Amino acid sequence: MIKRIYADNAATTKLSERALKAMTPYLTEIFGNASSLYHEGIESRKGVDKARETFAECLNAQPNEIFFLSGGSEADNWAIKGAAELGAKKGKKHIISSKFEHHAVLHTLEYLEKHGYEVTLLDVHEDGLVRLDELEAAIREDTALITIMYANNEIGTIQPIKEIAEIAKKHKIIFHTDAVQAVGTVPIDVKELGVDMLSLSAHKFHGPKGVGALYVRKGIRLPNLIHGGAQERGLRAGTENLAGVVGAAEALKESCEVMEERNERLVKMRDKLIDGLLKIDRSRINGDRTHRLPGNVNMCFQGIEGESLLLSLDLKGVSASSGSACTSGSLDPSHVLLAIGLPHEIAHGSLRLTFSTENTEEDIDYILSVLPPIVERLRKMSPLWEKIIKEEAASQQK
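Presented here is an overview of the structure given in this document. Predicted model only: the values in this text are computed from it and were never measured.

**Details of helix α1 (residues 17–28)**
Alright, step 1. Taking 1.5 Å of rise per residue, the 12 residues of α1 would be expected to cover 16 Å, and the 17 Å separating its terminal C-alpha atoms lies within 8% of that figure.
Alright, step 2. Buried-residue contacts for α1 involve α2 (39–59) and α8 (242–277).

Printed below as a string of structure tokens:
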């Protein structure tokens, strides 16, 4: 039987044993509604409160600045639509973002454009990074919000979030960052960063699916997301996902505890894999090599289709991706790769490999042993590769 190597941790991660252990009592014994005043409800409320305190400690926030939600997409939607509504009350209906945000951000911005807002999407250039001077030049008197992701979900590049926050603060503009790929992976201190809002999702750091959170700096009063009960300070009604938030808090705490040692190991594994794959003819690394997540490798191999590459790797026991898990059913090239300037024919041959604490150096060695032959075989079958070689040969004869 072929050994399976899971290398798509940017899509989702395995639930940690510590998170599962923390959740179990809240799935069986401590089952009360946290809004109830009797014993069972009080015990459940203690679990929610402790989880909120843990999130706050890990992010250097205040507990009342943490709101529990269903995931990163909900957090992005609430932050962006809420800030847009606050801005509109002051006659400000302009929003700045980037061209390679997650679709939870881009589609929300498209929705707002249909409702009278103007959106400026910044270039991210070949290295996948926003330029601060271009950001500042895009700011207008009616700019209500800047929303720039902390780390890209496909190519792993990390933006200069602190510097962006300083620019936003100087111009008195709300700044939100989608940090779904970053929280639990790299150290985050919301006070030091100076961000106003930050989105996160538990299943990206070995927590349960269906749980996320939004950090909202004290002083920002977002409009209600869901009307109904008094949960989440009256802003997001609905009975709390008790076991989920408890498990998410334990997973985040665990991730922060092991982060330094884990990242040191992941960076070595990542760089070894990149160096090995760059030996393949017509291969390229996407995004900046230095300012990127420790476990992210995103490559393009000219002349082949990403879908064929994924299927071939799967047959060899490697689970990988060609881009965002949210668009894995699409045959279109990644909007992220197009945003950093790659032509369609190269962007189609992309491969994303993302690693976690579960992965080993033996996994890297195995991938390096099976991937080059796969690329070679697919190129021999590819009309596109044949066309590239013929055109180059003809050009050299001139």
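Structure's up, so let's keep going.
**Remarks on the environment of G212**
Alright, step 1. Among the structural elements, G212 can be located in strand β8 (residues 212–216).
Alright, step 2. Taking relative accessible area as the criterion, G212 reaches 2% and is therefore assigned buried.
Alright, step 3. In this structure the C-alpha to C-alpha distance between G212 and A248, which are 36 residues apart in sequence, comes to 8.0 Å.
Alright, step 4. Not counting residues up to four positions away in its chain, the partners in contact with G212 are F67, F68, L69, S70, G71, L200, S201 and A202.

**Re the pairing of strand β7 (residues 197–201)**
Alright, step 1. Across the 5 residues that make up β7, a large majority, 5, are buried.
Alright, step 2. Of the pairings in the sheet, the one linking strand β6 (residues 174–178) to β7 comprises 3 bridges and is parallel in character. Counted as the bridge partner of D178 is S199 from β7.
Alright, step 3. Summarising the sheet, β7 and β8 pair through 5 bridges and their orientation is antiparallel. In the strand pairing of β8, L200 is matched with A213.

**Describing the sheet that holds β7**
Alright, step 1. Here 7 strands make up an open sheet; going across it, the order is β2-β8-β7-β6-β5-β3-β4 and the pairing mixed. Sheet topology places β2 (66–69) and β4 (118–122) at the edges, where each strand pairs with a single neighbour. For this sheet, the mean inter-axis angle between neighbouring strands, taken without regard to orientation, is 20°.
Alright, step 2. On the sheet, helix α6 (residues 161–170) packs against β5 (143–147) and β6 and is oriented at approximately 160° with respect to β6.

**Regarding the packing of aromatic side chains**
Alright, step 1. One pass over the full model with this rule turns up 2 aromatic pairs.
Alright, step 2. With a centroid separation of 5.3 Å and an interplanar angle of 75°, the aromatic rings of F55 and F68 are classed as edge-to-face. With F55 in helix α2 and F68 in strand β2, the pair connects residues that are 13 residues apart, well separated along the chain.
Alright, step 3. Above the face of the Y111 ring, K81 is positioned so that its terminal group lies 4.6 Å from the ring centre.
Alright, step 4. Positioned above the aromatic ring of Y117 is the side chain of K93, whose terminal nitrogen or guanidinium carbon lies 4.6 Å from the ring centre.

**Remarks on empty space enclosed by the protein**
Alright, step 1. Under the defined criterion, the tally for this structure stands at 1 cavity of 30 Å³ or more.
Alright, step 2. As for the largest cavity, its lining consists of 21 residues, of which N9, Q181, T185, K204 and F355 are closest to the centre.

**Topic: the pattern of salt bridges**
Alright, step 1. Evaluation of the coordinates by the stated rule reveals 26 salt bridges.
Alright, step 2. In this structure, K46 and E43 form a salt bridge, with 3.1 Å as the shortest nitrogen-oxygen distance. Here the residue K46 and the residue E43 both occupy positions in helix α2, the gap between them amounting to 3 residues, near one helical turn.
Alright, step 3. Between R52 and E232 there is a salt bridge, with its nearest N and O atoms 2.8 Å apart. With a gap of 180 residues between them, R52 in helix α2 and E232 in the loop between β8 and α8 connect regions that are remote in the sequence.
Alright, step 4. The class of R52 is buried, set by a relative accessible area of 12%.
Alright, step 5. Using a relative accessible area of 6% as the deciding quantity, one classes E232 as buried.
Alright, step 6. One connected set of salt bridges, linked through shared partners, spans R270, D271, D275 and R289.

Conventions and cut-offs
- Residues numbered from 1 in each chain as written.
- Predicted model: local features only at pLDDT ≥ 70, side-chain atom pairs only at ≥ 80, totals over all residues.
- Heavy atoms only, no water.
- Helix = DSSP H or I, 4+ residues; strand = E, 2+ residues; numbered from the N terminus.
- Expected span 1.5 Å × (residues − 1).
- Contact = heavy atoms within 4.5 Å.
- Buried < 20%, exposed > 50% of the residue type's maximum accessible area, 1.4 Å probe, protein only.
- Pairing = 2+ DSSP bridges.
- Axes fitted to C-alpha atoms, helices over the stretch in contact; angles between N-to-C directions.
- Phe/Tyr/Trp six-rings, centres within 6.5 Å; stacked < 30°, edge-to-face > 60°.
- Lys NZ or Arg CZ within 6 Å of the ring centre and 35° of its normal.
- 1 Å grid on protein atoms, 1.4 Å probe; cavity = no way out; pocket = protein on both sides within 12 Å on 5 of 7 lines; lining within 4 Å.
- Points joined across faces, edges and corners; volume = space filled by probe spheres on them.
- Salt bridge = Lys/Arg side-chain N within 4 Å of Asp/Glu carboxyl O.

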